[in-house]
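A structural walkthrough
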Amino acid sequence: MLTGAGISAESGVPTFRDADGLWEGHHVEDVATPEAYDRQPVVVQRFYDARRAALATVEPNPAHQALGRLEDVLGDDLFLVTQNIDDLHERGGSHHVHHMHGELLQALCRACERRTPWTGDLVDFPACPRCGHTELRPDVVWFGEVPYGMDRIMLELRRADLFVSIGTSGAVYPAAGFVQYAGQQGARTLELNLMPSEGSHLFDEARHGPAGVLVPAWVDEVLGGVQA
Ligand code: BJW
């Protein structure tokens, strides 16, 4: 299962490419690159500091909670990979979440390359608690960087008998290619999204509407089948 920004939209976390395509006044492509960080580190740190602070003001919605319930029943048979850097899946009851684009609540030291849980700001370039260098950046995957855990993701896509994509535009690779890969390996594919995504035609089935409605209904369907 793959999730994107749309699953957190009803919690009040803005998506990247809906409405005016701006995230707090920035195009994501202008701030989510290593080059942008090298050019304007303060702007990029402020962008992520604002999002980290906003995370404390939002709550998981029924879609996150439904996936938590699904994990309770399916256990290791469910592999949840999210492009989101928020922690709403975890707060919604999921215990095993693969964050392929990193996590907002972690900092990555560019000097020692170690990660540290982080809830405060980074704009003042605090010292890394592990090595003391002032080289902490958000632990997120920018354009041109390699997403986390790709080997594991590809393995799970090969194993899958069902691939479900929730709330993602299909505009960013490699995640946008998962549907084709999983389908070629024999999985049935299902899209749950507010509107048809760029790759909607690649899915065996597509259902369109808000995640907070579609996901709980779909989970009820699956659990009805499992528990019958
Ligand atoms: C709802 C809803 C509701 C709304 N209910 N739905 C040319 C061609 C092909 C590829 C490339 C290319 N040039 C460069 C590339 C590669 C590049 C790329 O894909 N670029 C594109 C612009 C084309 N990709 C990379 O660089 C990646 N790395 C890479 O490829 O490394 C090489 C490699 C790969 C694999 C193995 C080995 C090597 C890295 C990509 C990193 C993306 N990072 C970001 C920022 C992360 C940190 C942060 O959050 O700031 O990740 S960009 C941003 O986009 C973020 C998201 O995770 C990602 C995807 O966005 P998402 O989640 O789909 O959100 P939206 O807003 O686009 O869509 C929301 C959807 O929800 C919409 O469809 C709505 O309708 C829907 N929705 N409300 C249900 N209530």
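All values derive from a computational prediction rather than experimental measurement. (Residues numbered from 1 in each chain as written. Predicted model: local features only at pLDDT ≥ 70, side-chain atom pairs only at ≥ 80, totals over all residues. Heavy atoms only, no water.)

**Here we look at the packing of aromatic side chains**
Counted only if it meets this: In this scheme Phe, Tyr and Trp rings, the latter by its six-membered ring, pair at centre separations within 6.5 Å, and the angle between planes marks the pair as stacked below 30 degrees, edge-to-face above 60, and tilted otherwise. Helix and strand assignments come from DSSP, with helices taken as H or I runs of at least 4 residues and strands as E runs of at least 2, each series counted from the N terminus. Here the term buried applies to any residue with accessible area under 20% of the maximum for its type, exposed to any over 50%, and partly exposed to those in between, with areas from a 1.4 Å probe on protein chains only. Any Lys NZ or Arg CZ found within 6 Å of a ring centre and within 35 degrees of that ring's normal is scored as a charge over the ring.
In the structure shown here, the tally under the stated rule is four aromatic pairs. Here Tyr 37 and Trp 142 contribute two aromatic rings whose centre-to-centre distance is 5.4 Å and whose plane-to-plane angle is 35°, an arrangement assigned as tilted. A residue pair is termed long-range when its members are at least 10 positions apart, and Tyr 37 in helix α3 (residues 34–39) and Trp 142 in the loop between β6 (136–140) and α7 (150–159) qualify at 105 residues. Side by side, Tyr 37 and Trp 142 carry an identical accessibility label, which is buried. Through pairs of rings, three or more aromatic residues link up here, namely Tyr 37, Phe 47, Tyr 48 and Trp 142. When the ring centre of Trp 142 is taken as reference, the NZ or CZ atom of Arg 137 above it lies at 3.8 Å.

**Some points on the site of the ligand**
Where we set the bar: To be near a molecule or strand, a residue needs just one of its heavy atoms within 4 Å of it. For the purposes of these results, a polar contact is taken to be a pair of N or O atoms within 3.5 Å, where, inside protein, one atom must be able to donate a hydrogen and its partner to accept one; residues adjacent in sequence count only when each atom of the pair is a side-chain atom. The method behind every accessible area is Shrake-Rupley, applied with a 1.4 Å probe, and residues are considered shielded solely by the protein chains displayed. When residues are sorted by character, Ala, Val, Leu, Ile, Met, Phe, Trp, Tyr, Cys and Pro go into the nonpolar class, Asp, Glu, Lys and Arg into the charged class, and all the rest, Gly among them, into the polar class.
Neighbouring residues of the ligand: 37 residues in total, closest Arg 17, Tyr 48, Thr 168, Ser 169 and Tyr 173. Arg 17 places a side-chain nitrogen or oxygen 2.7 Å from an oxygen atom of the ligand. Take Ala 211: an N or O atom from its main chain is 2.9 Å from a nitrogen atom of the ligand. Notes on the ligand: free accessible area 1,500 Å², of which the protein chains cover 76%. Secondary-structure elements contributing two or more residues to the shell around the ligand are α1 (6–9) and α4 (41–55). Looking at side-chain class alone, the shell around the ligand contains 21 nonpolar, 11 polar and five charged residues.

**Some words on the sheet that holds strand β5 (residues 115–117)**
The following threshold applies: Think of it this way: DSSP has to see at least two bridges between two strands before they count as a pair. To obtain each axis, a line is fitted to C-alpha atoms, and for helices this fit is confined to the stretch in contact; angles are then taken between N-to-C directions over 0 to 180 degrees.
The strand order across the open sheet built from three strands is β5-β4-β6, with neighbouring strands paired in antiparallel fashion. Unpaired on one side and paired on the other, β5 and β6 mark the two borders of the sheet. Within this sheet the neighbouring strands show an average axis-to-axis angle of 45°, counted without direction.

**Describing the side chain of Gln 45**
Heads up, the rule is: Any two residues whose heavy atoms approach within 4.5 Å at even a single point are treated as in contact.
Position of Gln 45 relative to the elements: it lies in helix α4. With relative accessibility at 0%, the residue Gln 45 sits in the buried group. Look past the residues within four positions of Gln 45 in its chain and what remains in contact with it is Tyr 37, Leu 122, Val 123, Phe 125, Leu 136, Arg 137 and Pro 138.

**Remarks on the environment of Ala 187**
In this structure, Ala 187 sits in the loop between α8 (178–184) and β8 (188–193). Using a relative accessible area of 5% as the deciding quantity, one classes Ala 187 as buried. Separated by 23 residues in sequence, Ala 187 and Val 164 have C-alpha atoms that sit 9.7 Å apart. Ignoring sequence-local partners within four residues, the contact set of Ala 187 consists of Ala 160, Asp 161, Leu 162, Phe 163, Ala 182 and Asp 204.

**Section: the side chain of Ser 197**
Tracing the backbone through its elements, the reader meets Ser 197 in the loop between β8 and β9 (205–208). Residue Ser 197 is classed as buried on the basis of its relative accessible area of 12%. Within polar-contact distance, the side chain of Ser 197 engages the side chain of Glu 191 at 2.4 Å. If we ignore the near neighbours within four places in the chain, the residues touching Ser 197 are Thr 168, Ser 169 and Glu 191.

**Here's the deal with the environment of Arg 152**
In this structure, Arg 152 sits in helix α7. Judged by its relative accessible area of 42%, Arg 152 is partly exposed. Expressed as a C-alpha distance, the spacing of Arg 152 and Leu 105, which sit 47 residues apart in the sequence, is 22 Å. If we skip the residues at most four places from it in the chain, Arg 152 touches Phe 79 and His 98.

**A few points about the layout of surface pockets**
Operational definition: Grid points spaced at 1 Å over the protein atoms alone were grouped into cavities, where a 1.4 Å probe fits but cannot get out, and pockets, open sets with protein on both sides within 12 Å along at least five of seven lines, with lining residues defined by an atom within 4 Å of a point. Grid points are joined across faces, edges and corners, and a volume is the space filled by probe spheres set on the points.
Approximately 520 Å³ is the volume attributed to the second largest pocket. As for the second largest pocket, its lining consists of 20 residues, of which Asp 77, Leu 78, Phe 79, Asp 161 and Leu 162 are closest to the centre. Secondary structure elements with two or more residues in the lining of the second largest pocket: α5 (62–74), α7, β7 (162–166) and α9 (211–227). For the lining of the second largest pocket, the element with the most residues is α7, which contributes four residues. Within the lining of the second largest pocket, the residues separate by chemical class into 15 nonpolar, no polar and five charged.

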